[in-house]
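For reference, the chains in residue letters:
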Amino acid sequence: MTDYVDLPLGGSSVAGDRDSNRPPNVNVFPPRPPAHRPPHVQAAIQEPQNIAVVSPDAASFSVDVSDPVKQGSGLQAFVTYKISCYRMHQYQKSLPALSVANRRYTHFVWLHTQLMELFPCYFIPALPEKSSMTSFIGSRFEEHFVEHRRMALEQFLNRIVRHPDLMASKVVKTFLEGSDEEMRLPESKKPSFFSGLLKDAGLSSSAVKTGSFAPPDAEFDAVKAYVRDLEAQLLELHKFLDRMVRRRKELGASMVEFGLTLIAMGNHEQSSGDEGAAGTSKALLDLGSCCDHVAKSVSRQSDEEARRALAVIDDWLRLIGGVKEALKTRSVAAETLLAVQSEAERKAKILALGGGQGKGAVSEGDVEEATRRADEARARADALAARLRSEMGRFRRAKAEELRAVLCVLVQVQVKFGAELQQSWERVLPSLVSGVDPASIPI
């Protein structure tokens, strides 16, 4: 920045004037009143009173997804990623990596499918979509699309390896260390391009319909309301954060054009031969150069906001997708339990009345089998409910820590680049005011 104006920054007179005009208690921000919620929803969203601080070694593994490389050509082309798994110690990666492998998107689909089948009611985050209308119209091999997917896949894997139960599973070990032949999906489970288009349109090619009735369940109805409320809030946060990032990028582009216009004006003024042209030309050229610096700062700021804040909200929305799938699995188990219990009771009543006749006849063996099925369904429903409670506690603790952290990062980015922008503008001021009567400046 010193190539256009050399100015000592933060003069005491400027700072003093700024401080003297500052209203009292400027750092006090009164909190907004909480939104009204029904009592059952409010009870479900109460945070734990004592949130344990995660120890440095609690998340003992970390995964890097790097070096995306396009393989093949045409419709058969795909991207591979380098997957490196590390053991963590005091927040640092212990070198060398425990495992290194190259994986493509279909391998991630295999891992996700296996985990969903083997670990029902665990919160398995959703994967980023294989294809979308946007990537089809553009190119799924464009740098921006590939980088966005790389980040999302890295977030997905880190959610998995930092869960002790999932990290200990054979399928995760196979993904990190196994061969391609061990991770083949049947055709029926492979993601299709058209399923991506349907999801873009708000539809689903594999919509799951549970039974026509659901047993009353105050506990998990409250959890569903809590998740629905959180998802709506995160979607709103994502919408406005995305809008802010996009507008900042537009501002950076506008600053570039503005700077070029000033430089062109400065060159024209320099060749005009008018009185005072040299001073005016220097002021225009210096301000144009300043605008170039500002544009670069604004561009870097938007990139950091997208990478360190917007991508985290994306990750949380995909995690909520996993929570909703777990709730759906548990609801199906509860409905199945209600159905088999009703069937067992129906057969027991028929047997008590003499067993019936013809096709509707019921024997003691039929009743015993129906009772056994009801007991198995009850055990499964109870186990899934217990798992869901455990995962929900983990989810809430992570939310309390991670969402606060991302907001802290967002503010740090504003402070960092705000200071950088202020520095750029302050450096150009002497060039603009040089030779100008201070009384003529309307400040």
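Below or above, wherever it landed, is the structure these notes cover.

About the thresholds
Residues numbered from 1 in each chain as written. Predicted model: local features only at pLDDT ≥ 70, side-chain atom pairs only at ≥ 80, totals over all residues. Heavy atoms only, no water. Axes fitted to C-alpha atoms, helices over the stretch in contact; angles between N-to-C directions. Helix = DSSP H or I, 4+ residues; strand = E, 2+ residues; numbered from the N terminus. Parallel < 35°, antiparallel > 145°, perpendicular 65-115°, else oblique. Nonpolar A, V, L, I, M, F, W, Y, C, P; charged D, E, K, R; others polar. Left-handed = near helix turned anticlockwise from the far one by under 90°. Contact = heavy atoms within 4.5 Å. Pairing = 2+ DSSP bridges.

### A word on the packing of helix α10 (residues 277-352) against helix α11 (residues 364-433)
Part 1 of the argument: Following both chains from N to C, one finds α10 and α11 inclined at 170 degrees, their axes separated by 8 Å at the closest point. Here α10 is positioned roughly antiparallel relative to α11, judged by the angle of their axes.
Part 2 of the argument: Residues of the contact of α10 with α11, tallied by class, amount to 41 nonpolar, 10 polar and 17 charged.

### Some points on the packing of helix α5 (residues 143-161) against α10
Part 1 of the argument: In the contact formed by α5 and α10, the axes pass within 10 Å of each other and the chain directions differ by 55 degrees. Between α5 and α10, the crossing angle belongs to the class labelled oblique. Relative to α10, α5 is oriented so that their crossing is right-handed. Taken together, the residues of α10 that come into contact with α5 (itself represented by His148, Met151, Ala152, Gln155 and Arg159) are Arg307, Ala311, Val312, Asp314, Asp315, Trp316, Arg318 and Leu319.

### Looking at the sheet that holds strand β1 (residues 61-71)
Part 1 of the argument: If you walk across this open sheet you meet the 3 strands as β1-β2-β3, and the pairing is antiparallel. Looking at the sheet topology across the chains shown, the edges are occupied by β1 and β3 (92-104). For this sheet, the mean angle separating the axes of adjacent strands, direction not counted, is 20 degrees.
Part 2 of the argument: Pairing between strand β2 (residues 78-89) and β3: 9 bridges, direction antiparallel. The partner of Thr80 across the bridge, within β3, is Arg104.
Part 3 of the argument: Strands in contact with α5 are β1 and β2; relative to β1, the strand with the most contacts, it is inclined by about 150 degrees.
Part 4 of the argument: Packing against the sheet, helix α7 (residues 170-177) makes contact with β2 and β3, and its axis sits at approximately 85 degrees to β3.

### A few points about the pairing of β1
Part 1 of the argument: Sheet analysis places β1 next to β2, joined by 9 bridges and oriented antiparallel. Following the sheet pairing, Val65 is matched in β2 by Ile83.

### Quick word on the environment of Ile83
Part 1 of the argument: Tracing the chain through its elements places Ile83 in strand β2.
Part 2 of the argument: Here the alpha-carbon distance between Ile83 and Leu176, two residues 93 residues apart in the chain, equals 7.3 Å.
Part 3 of the argument: With residues up to four places along the chain from it excluded, the contact list for Ile83 reads Val63, Asp64, Val65, Ser99, Val100, Ala101, Arg103, Phe108, Leu157, Phe175 and Leu176.

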